[in-house]
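# Overview (structure and organization)
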Amino acid sequence: DGGITQSPKYLFRKEGQNVTLSCEQNLNHDAMYWYRQDPGQGLRLIYYSQIVNDFQKGDIAEGYSVSREKKESFPLTVTSAQKNPTAFYLCASSQDRTDTQYFGPGTRLTVL
Amino acid sequence: QKEVEQNSGPLSVPEGAIASLNCTYSDRVSQSFFWYRQYSGKSPELIMSIYSNGDKEDGRFTAQLNKASQYVSLLIRDSQPSDSATYLCAVNQGSNYQLIWGAGTKLIIKP
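So, a few notes on the structure that sits alongside this text. (Residues numbered from 1 in each chain as written. Chains lettered and ligands numbered in written order. Predicted model: local features only at pLDDT ≥ 70, side-chain atom pairs only at ≥ 80, totals over all residues. Heavy atoms only, no water.)

### A word on the overall build of chain B
- Each helix and strand in chain B was counted, giving zero helices and eleven strands.
- Along chain B, helices (α) and strands (β) appear in the sequence β-β-β-β-β-β-β-β-β-β-β when read from the amino end.
- Over its C-alpha trace chain B gives a radius of gyration of 13 Å, about what one expects of a compact globule, namely 13 Å for 111 residues.
- Expressed along its principal axes, the backbone C-alpha trace of chain B runs to roughly 45 × 30 × 20 Å.
- Residues classed as buried in chain B amount to 47% of the 111 residues present.
- Nonlocal contacts in chain B, meaning residues at least 24 apart in sequence, comprise 54% of its contacts between residues at least 6 apart.
- Averaging the coordinates of the 10 positive side-chain charges in chain B and doing the same for the 10 negative ones gives two points 3 Å apart. (Helix = DSSP H or I, 4+ residues; strand = E, 2+ residues; numbered from the N terminus. Rg over C-alpha atoms; globule rule 2.2 N^0.38 Å. Buried < 20%, exposed > 50% of the residue type's maximum accessible area, 1.4 Å probe, protein only. Contact = heavy atoms within 4.5 Å. Lys, Arg positive; Asp, Glu negative; His and termini not counted. Charge placed at Lys NZ, Arg CZ, Asp CG, Glu CD.)

Structure representation (structure tokens):
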């Protein structure tokens, strides 16, 4: 059963705390992406990776970090430097950077 | 700044009618165009992609691309209540292949 999984589905963060969102895919896709979605807004790109051990900042990378040690995995850490992290976080993957992107189910992060 | 514009709606359409969703983009070198559907609280799912001028049909859905006028549209025939969702337009920039997203149009199909 191929697809993209994200965990957890809901996450609550206290002020000053780092949290890590998981994203795994078994589609054998090279490219992976992290987006943030706020109510009434389009998706904004946080980070993307075109290949293992390589990743690039998107439009809103400040306060976030990623790693790409395995082709299947692209975890996102929301650091305490991100002052307004409450949002819906979406992970996507594609065969390559020009191809259609497919999304995981998302993680909804709330700051307490 | 590269932009993708959509009317936020809501667009209300009677069941069985044709729903027409529009999207304009600013970057003339854009090469790939995508329509995604997003139900409330869920992630986007791909409906159609289109790369060449003209129409592309898939079941009840038709995407229309006009590169000269820089717009792409999505037509939904025989609209069903299950089509009620937010429709996101995404455009692939030619220069760095980053997808630029519109804010989405909320579509409501009235039974």
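### Looking at the layout of surface pockets
- Volume-wise, the largest pocket comes out at about 490 Å³.
- Around the largest pocket, the lining is made up of 25 residues, and of these Gln37, Pro39 and Gly40 of chain A together with Gln38 and Thr86 of chain B lie nearest the centre.
- Every element with two or more residues in the lining of the largest pocket is listed here: β9 (87–94) of chain A together with β9 (85–92) and β11 (105–110) of chain B.
- Element by element, the count of residues in the lining of the largest pocket is highest for β11 of chain B, at four residues.
- Looking at side-chain class alone, the lining of the largest pocket contains nine nonpolar, twelve polar and four charged residues. (1 Å grid on protein atoms, 1.4 Å probe; cavity = no way out; pocket = protein on both sides within 12 Å on 5 of 7 lines; lining within 4 Å. Points joined across faces, edges and corners; volume = space filled by probe spheres on them. Nonpolar A, V, L, I, M, F, W, Y, C, P; charged D, E, K, R; others polar.)

### Describing the sheet that holds strand β3 (residues 19–25) of chain B
Residue and element names in this part refer to chain B.
- Read across the open sheet, the five strands follow the order β1-β3-β8-β7-β6; overall the sheet is antiparallel. The open sheet has two edge strands with one neighbour each: β1 (4–5) and β6 (54–58).
- Two strands pair when backbone bridges link them, and β1 and β3 are joined in this way by two bridges, in the antiparallel orientation. Looking across to β3, one finds that Glu5 is bridged to Thr24. (Pairing = 2+ DSSP bridges.)

### Description of the sheet that holds strand β8 (residues 76–78) of chain A
Residue and element names in this part refer to chain A.
- Strand order across the open sheet formed by four strands is β1-β3-β8-β7, with antiparallel pairing between neighbours. Both edges of this open sheet fall to β1 (4–7) and β7 (64–66), since each of them pairs with a single strand only. Looking at each pair of strands side by side, their axes are set apart by 20° on average, direction ignored.
- Alignment of β1 against strand β3 (residues 19–25), held across four bridges, turns out to be antiparallel. Note on β3: the bridge partner recorded for Ser7 is Ser22. (Axes fitted to C-alpha atoms, helices over the stretch in contact; angles between N-to-C directions.)

### Looking at the nonpolar core
- Ranked by size, the top nonpolar core spans 24 residues in total, and within it Trp35, Val72, Leu74, Ile76 and Tyr87 of chain B carry the most contacts.
- Elements that contribute at least two residues to this core include exactly β3, β4 (32–38), β5 (45–50), β7 (61–66), β8 (71–76), β9 and β11 of chain B. (Core = buried A, V, L, I, M, F, W, Y, C linked by side-chain atoms within 4.5 Å.)

### Regarding the interface of chain A and chain B
- On the side of chain B, 18 residues touch chain A, which itself brings 19 residues to the contact.
- Interface of chain A and chain B: buried area, both sides summed, is about 1,500 Å²; carbon and sulfur atoms make up 53% of it.
- Three residues stand out in chain A for area buried against chain B, namely Arg97, Thr100 and Phe103 of chain A, and they jointly supply 28% of the buried area on that side.
- On inspection of chain A and its partner chain B, the count reaches zero salt bridges.
- Across the contact surface, chain A and chain B share four residue pairs in polar contact (both at pLDDT 80 or more).
- Its residues assigned to classes, the side of chain A that touches chain B shows eight nonpolar, eight polar and three charged. (Buried area = accessible area lost by both parts, 1.4 Å probe. Salt bridge = Lys/Arg side-chain N within 4 Å of Asp/Glu carboxyl O. Polar contact = N/O pair within 3.5 Å; in protein donor to acceptor, adjacent residues only side chain to side chain.)

These results come straight from atomic positions and should not be treated as a statement about function.
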